Amino acid sequence: MKTVQVQYYAVLREQRGAGSDELNTEADSLRALYDELRARYGFSLDADRLRVAVNSEFRDWAAPLNDGDTVVFIPPVAGG
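Analysis parameters
- Residues numbered from 1 in each chain as written.
- Predicted model: local features only at pLDDT ≥ 70, side-chain atom pairs only at ≥ 80, totals over all residues.
- Heavy atoms only, no water.
- Helix = DSSP H or I, 4+ residues; strand = E, 2+ residues; numbered from the N terminus.
- Buried < 20%, exposed > 50% of the residue type's maximum accessible area, 1.4 Å probe, protein only.
- Contact = heavy atoms within 4.5 Å.
- Phe/Tyr/Trp six-rings, centres within 6.5 Å; stacked < 30°, edge-to-face > 60°.
- Pairing = 2+ DSSP bridges.
- Axes fitted to C-alpha atoms, helices over the stretch in contact; angles between N-to-C directions.

Enquirer: Help me get a handle on the side chain of D21, residues and values and all.
Expert: Note on placement: D21 falls in strand 2 (residues 20-25). Judged by relative accessible area, D21 falls into the buried class, the value being 10%. The contacts of D21, once residues within four sequence positions are left out, are V4, Q5, V6, Y8, R16 and Y41.

Enquirer: Please set out the packing of aromatic side chains residue by residue, giving values where relevant.
Expert: One pass over the full model with this rule turns up six aromatic pairs. Taking the centre distance of 5.9 Å and the plane angle of 20° together, the rings of Y34 and F43 count as stacked. Note on F43: relative accessible area 3%, which makes it buried. Measuring from centroid to centroid gives 5.9 Å for W61 and F73, while their planes differ by 10°, and the two rings are stacked.

Enquirer: Got a sec to walk through the pairing of strand 2? Specific residues and values, please.
Expert: In regular strands, side chains alternate between the two faces of the sheet. Across the two faces of strand 2 the burial differs, with D21, L23 and T25 buried and S20, E22 and N24 not buried at all. Of the strand pairs in this sheet, strand 1 (residues 2-8) and strand 2 are connected by six bridges, and their pairing is antiparallel. Within strand 2, the residue paired with T3 across the bridge is N24.

Enquirer: Which residues make up the sheet that holds strand 4 (residues 57-58), and what values go with them?
Expert: Taken in spatial order, the five strands line up as 2-1-5-3-4 in an open sheet, and their pairing is mixed. In the strand order of this sheet, the two ends are held by strand 2 and strand 4, each with one partner. Seen against the sheet, helix 2 (residues 30-41) touches strand 1, strand 2, strand 3 (51-54) and strand 5 (70-74) and runs at an angle of roughly 110° to strand 2.

Enquirer: Outline the environment of L33, supporting the account with residue identities and numerical values.
Expert: Structurally, L33 can be placed in helix 2. The spacing of L33 and V72 is 39 residues in sequence and 11 Å in space, taken between C-alpha atoms. Those residues in contact with L33, other than ones at most four positions away along the chain, are V4, V6, T25, A27, L65, V71 and F73.

In structure tokens:
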């Protein structure tokens, strides 16, 4: 079991109803973590539409998830 910090922005923040979580997870990759959260919170975006960063560095979805990581899911944003 790992404990990770997760931050949400834009539509994910709206759908979650919070900007961050501290979670216990058995996920072994960033993709597995997002899939777990998507099932839990009903996120509407596929992982392929997001960028993901771990400890302030962009990562590939297959990157391993480690205890103590801070994960940020970054959806596409539109400005005006």
